[in-house]
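# Report on the structure
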Amino acid sequence: MSVIHNPSGISAVVVTADYLKTQLAKLRSRHLVLLTVYKSVNKRQLESLATNISGLTNSMLGEMLHCQDAQDISRLAEVLLPRIPVSPRLLKEASMLVQARRAVLESGDWLTAAQVSEMAGLSTANPSTQPNKWKKLGRIFAIRHHGVDYYPGYGLDPENSFRPKKDLATIIAIFAGHKSSWGMAYWFLSANSFLGGNHPQDLLCTRPERVIQAANDEVQAIAHS
């Protein structure tokens, strides 16, 4: 038993749970802190003691809750933030990628598999089957955006029931292993010096042989970079 005396006549007594288990059947704490009050302590002193204990308890509880909230917020922030601070270079590259993809999507003529099937007069029972087959065979490519495949309208031949243009397969084969689907989309949309500043997608129908030559030139440039 430990006794902490106070000159005011109030003392704190610390006892083990075993000491009180005969009186407190449902005791859960291993130790208790007891305050004993001597007869010489008057009512005003008791009221002052009660007020001080109440204020101290509330202050401690508020501080504990504040610390707990701060810890929770800190842990949440650590989860949401990247483990390593993002460098200005990566932020710049991400911004450029977003702008490039937005330009591709806003260029128009990007069709879902269902739209391609409808234009080509294909079966509507499973409209994605044939466009997906064309993609796997390398006859056309598709960019994936929010989980959906989009096919380039400029890659379809209106004079052949909107089937993939034959020369597109040649260009896809040239870029195999060098450009992703998005990479090809950027290339077709960009002004090309080999084509006199024209966009490859604009010449795919009228000058396909030149677009094929431009694709070969692009791959050679990549190989020597």
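See the structure printed just above.
A brief structural summary. Nothing here was measured: the structure is a model prediction, and the numbers come from that model. (Residues numbered from 1 in each chain as written. Predicted model: local features only at pLDDT ≥ 70, side-chain atom pairs only at ≥ 80, totals over all residues. Heavy atoms only, no water.)

### Points about the overall build of the chain
Defined as follows: For helices the rule is a DSSP run of H or I covering at least 4 residues; for strands it is a run of E covering at least 2, with both sets numbered from the N terminus onward. We call a residue buried when its accessible area falls under 20% of the maximum for its residue type, exposed when it is over 50%, and partly exposed in between, using a 1.4 Å probe and counting protein chains only. The protein chains shown are the only cover counted for residues, whose accessible areas, like all others here, come from Shrake-Rupley with a 1.4 Å probe.
Helix and strand content of the chain: nine helices and eight strands. Taking all 225 residues of the chain together, 26% fall into the buried category. Looking at the chain as shown, the accessible area adds up to about 15800 Å², and 56% of this sits on carbon and sulfur atoms.

### Some points on the environment of Trp110
The line we're drawing: By definition, residues are in contact when any of their heavy atoms lie within 4.5 Å. We define a polar contact as two N or O atoms separated by no more than 3.5 Å, with the added condition that, inside protein, one atom must be a possible hydrogen donor and the other a possible acceptor, whereas residues neighbouring each other in sequence contribute only through side-chain atom pairs.
Counting through the fold element by element, Trp110 comes out in strand 4 (residues 110-111). Each residue touching Trp110, except ones within four places of it in the same chain, is listed here: Val104, Leu105, Gln115, Phe141, Ile143, Tyr150, Tyr151, Pro152, Tyr154 and Ala185. In terms of polar contacts, Trp110 uses its side chain to reach the backbone carbonyl oxygen of Val104, at 2.9 Å. A polar atom in the side chain of Trp110 sits 3.3 Å from the side chain of Ser107.

### Side note on the nonpolar core
The nonpolar side chains of soluble globular proteins are, as a tendency, buried together. Spelled out, the test is: Residue types Ala, Val, Leu, Ile, Met, Phe, Trp, Tyr and Cys, when buried and joined through side-chain atoms within 4.5 Å, form a set referred to as a nonpolar core.
Counting 33 residues, the largest nonpolar core has Phe141, Ile171, Trp187, Phe188 and Val211 as the members making the most contacts within it. Within the residue set of this core, elements represented by two or more residues are strand 4, helix 4 (113-120), helix 6 (166-175), helix 7 (181-189) and helix 9 (208-223). Non-local contacts of Phe141, meaning those with residues more than four positions away in its chain, are made with Trp110, Tyr150, Tyr151, Pro152, Tyr154, Leu168, Ile172, Ser181, Met184, Ala185 and Phe188.

### A few points about unusual backbone geometry
With a phi angle near 55 degrees, His146 is a residue other than glycine that sits in the positive phi range. In this fold, His146 is placed in the loop between strand 5 (143-145) and strand 6 (148-152). Assessed through its relative accessible area of 75%, His146 is described here as exposed. Even without a glycine there, the phi angle at Phe162 is positive, about 60 degrees. Note that Phe162 resides in the loop between strand 7 (156-157) and strand 8 (163-164).

### Digging into the sheet that holds strand 6
Pairing between the strands of a sheet is mediated by backbone hydrogen bonds and can be parallel or antiparallel. Going by this rule: At least two bridges found by DSSP between two strands are what make those strands a pair.
Strand order in the open sheet made by the three strands is 4-6-5, with antiparallel pairing throughout. For this open sheet the edge positions go to strand 4 and strand 5, each flanked by a neighbour on one side alone. As judged from the three bridges shared by strand 5 and strand 6, these two strands associate in the antiparallel manner. What sits directly across from Ile143, in strand 6, is Tyr150.

### Some thoughts on the pattern of salt bridges
To keep it simple, the criterion reads: Salt bridges are defined as contacts in which a side-chain nitrogen from Lys or Arg sits within 4 Å of a carboxyl oxygen from Asp or Glu.
Overall, the coordinates contain five salt bridges when judged by the stated rule. Of the charged contacts in the structure, one is a salt bridge between Glu218 and Lys179, with a shortest N-O distance of 3.2 Å. Within this pair, whereas Glu218 is found in helix 9, its partner Lys179 is found in the loop between helix 6 and helix 7, the two being separated by 39 residues in sequence. Its relative accessible area of 21% is what places Lys179 among the partly exposed residues. Measuring nitrogen to oxygen at the nearest pair gives 3.0 Å for the salt bridge that ties Glu209 to Arg207. Note on Arg207: relative accessible area 39%, which makes it partly exposed. Taken together, the salt bridges that share partners define one network made up of Lys135, Arg144 and Asp149.

### Considering the packing of aromatic side chains
Heads up, the condition is: To pair, rings of Phe, Tyr and Trp, with the six-membered ring standing in for Trp, must have centres within 6.5 Å; the planes then decide the type, stacked if under 30 degrees apart, edge-to-face if over 60, and tilted in the middle. In this analysis the charged atom, NZ for Lys or CZ for Arg, is taken to sit over a ring once it is within 6 Å of the ring centre and within 35 degrees of the ring normal.
In total, this model carries seven aromatic pairs according to the counting rule given. Residues Phe175 and Trp187 carry aromatic rings whose centres are separated by 4.9 Å and whose planes lie at 70 degrees to one another, so their mutual orientation is edge-to-face. Taken together, the positions of Phe175 in helix 6 and Trp187 in helix 7 put the pair twelve residues apart, joining distant regions of the chain. Considering the side-chain rings of Trp187 and Phe188, the 5.1 Å spacing of their centres and the 80 degrees angle between planes classify their relative orientation as edge-to-face. Neither Trp187 nor Phe188 differs from the other in exposure class; each is buried. One aromatic cluster in this structure is built from Trp110, Phe141, Tyr154, Phe175, Trp187 and Phe188. The ring of Trp182 has Arg101 sitting right over it, with the charged end atom 4.2 Å from the ring centre. Directly above the aromatic system of Phe175 lies the positively charged group of Lys179, at a separation of 5.7 Å from the ring centroid.

Shape descriptors only; they carry no functional weight alone.
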